[in-house]
Amino acid sequence: YRLVARKNSPGLKRRSPEVTNEELGSLRVMVLVREDTILPSQYYRPLLDLMVKSVQTPWVTYANVVTMFEEVAVAGKTEMATIMVKVYLGQGRVVEYLDFLNQRDLEKSEKATLFRGNSYATKANDQFMKVVATKYLQQVLKPVIDMIYEEKKYCEIDPTKIETSGRQTAESMIEANVATVASYVLRASKAIFSSVRQCPPVMRLAFKRLRKRVEETFPPNEDDNA
């Protein structure tokens, strides 16, 4: 689409007479049109029942229902993960669903790289948090973020990017900026750790189960610092 200014546009009056419409540039737009057919809910009951059973007793044959959805979502893991999380939330089985995915992911992971891959389990956990905890996150961290934005303090701590001014040295600026960043981190941390009661119960339960699975797979020992 070629970009052309409107005749009465205020910007048009500020342009030089020599500038033509052709010089405004062009814009390419990619549009995806999808048509979905949604049937009455009773038509999906058999599938929903099978999906619920697949996470209630996940290690039997029909657990393949969950893995099947994972396999068909190769090109759209995030979209499929969002849909599945919402389905299991609606059925009251999202904790069991995530537990099944996390156990499978733990079997294929190493301790040093837990949940750092682009697996279906990590996508599902990420979308789960976005679906159930976005409002909680805004309530807890928005005041801190608003404060940081309003104060507009200089926070650069990379020596190669420090811009000195006046008599200040790079070292003194870094020291001051580190203190500023540390104070912001402390405020954010306090806001998070003091918001336990605000955290959605279903998320607390899901990650309690996840911690248990991690400890079962990688038992803590005296050499661990975490």
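Residues numbered from 1 in each chain as written. Predicted model: local features only at pLDDT ≥ 70, side-chain atom pairs only at ≥ 80, totals over all residues. Heavy atoms only, no water.

What follows covers the pattern of salt bridges. If you walk through the whole model with that rule in mind, you get 11 salt bridges. Here R34 and D36 are joined by a salt bridge, their closest N and O atoms 3.5 Å apart. Using a relative accessible area of 57% as the deciding quantity, one classes R34 as exposed. The partner of E96 in a salt bridge is R93, and the shortest N-O contact between them spans 3.1 Å. Through salt bridges with shared partners, a single network forms among D99, R209, R213 and E216. (Salt bridge = Lys/Arg side-chain N within 4 Å of Asp/Glu carboxyl O. Buried < 20%, exposed > 50% of the residue type's maximum accessible area, 1.4 Å probe, protein only.)

Phi at K152 takes a positive value of approximately 50°, unusual for a residue other than glycine. Here K152 lies in the loop between α6 (120-151) and α7 (170-193). The exposed category is assigned to K152, whose relative accessible area is 59%. (Helix = DSSP H or I, 4+ residues; strand = E, 2+ residues; numbered from the N terminus.)

In the contact formed by α6 and helix α8 (residues 201-217), the axes pass within 9 Å of each other and the chain directions differ by 145°. Crossing handedness for the pair α6 and α8: left-handed. On α8, the residues that touch N125, F128, M129, V132, A133 and Y136 of α6 are V202, M203, A206 and F207. (Axes fitted to C-alpha atoms, helices over the stretch in contact; angles between N-to-C directions. Left-handed = near helix turned anticlockwise from the far one by under 90°. Contact = heavy atoms within 4.5 Å.)

Further remarks concern helix α3 (residues 64-72). Those residues of α3 lying buried are V65, V66, T67, F69 and E70. The secondary structure elements touched by the buried residues of α3 are α2 (45-56), α4 (77-90), α5 (94-107) and α6.

Glancing now at the environment of N102. In this fold, N102 is placed in helix α5. Classification of N102 as buried rests on a relative accessible area of 2%. Sequence separation of N102 and R213 is 111 residues, and the distance between their C-alpha atoms is 8.0 Å. Aside from chain neighbours lying at most four places away, what touches N102 is F115, A121, N125 and L210.

Let us look at the packing of aromatic side chains. For the coordinates displayed, the defined rule picks out two aromatic pairs. Summarising the aromatic geometry, the rings of Y88 and Y97 are spaced 4.3 Å apart at their centres and angled 10° between planes, so their arrangement reads as stacked. An identical accessibility class is assigned to Y88 and Y97; each is buried. With a centroid separation of 6.4 Å and 40° between ring planes, the pair formed by F128 and F207 is classed as tilted. You can see F128 sitting in helix α6 and its partner F207 sitting in helix α8, a full 79 residues away along the chain. The positively charged end of K152 is found above the aromatic ring belonging to Y149, 4.1 Å away from the centroid. (Phe/Tyr/Trp six-rings, centres within 6.5 Å; stacked < 30°, edge-to-face > 60°. Lys NZ or Arg CZ within 6 Å of the ring centre and 35° of its normal.)

We now examine the confidence of the model for the protein. Scored by pLDDT, the protein has a mean of 82; 82% of the residues are at 70 or more. Across the protein, the secondary-structure element scoring lowest on mean pLDDT is helix α1 (residues 10-14), at 50, and the one scoring highest is α8, at 93. (pLDDT = per-residue confidence, 0-100.)

Relative to the assigned elements, D105 resides in helix α5. One buried charged residue, D105, forms no salt bridge at all, with the nearest opposite charge on K108 at 4.8 Å. Dropping the residues within four chain positions of it, D105 is found in contact with F115, S119, A121 and T122. (Lys, Arg positive; Asp, Glu negative; His and termini not counted.)

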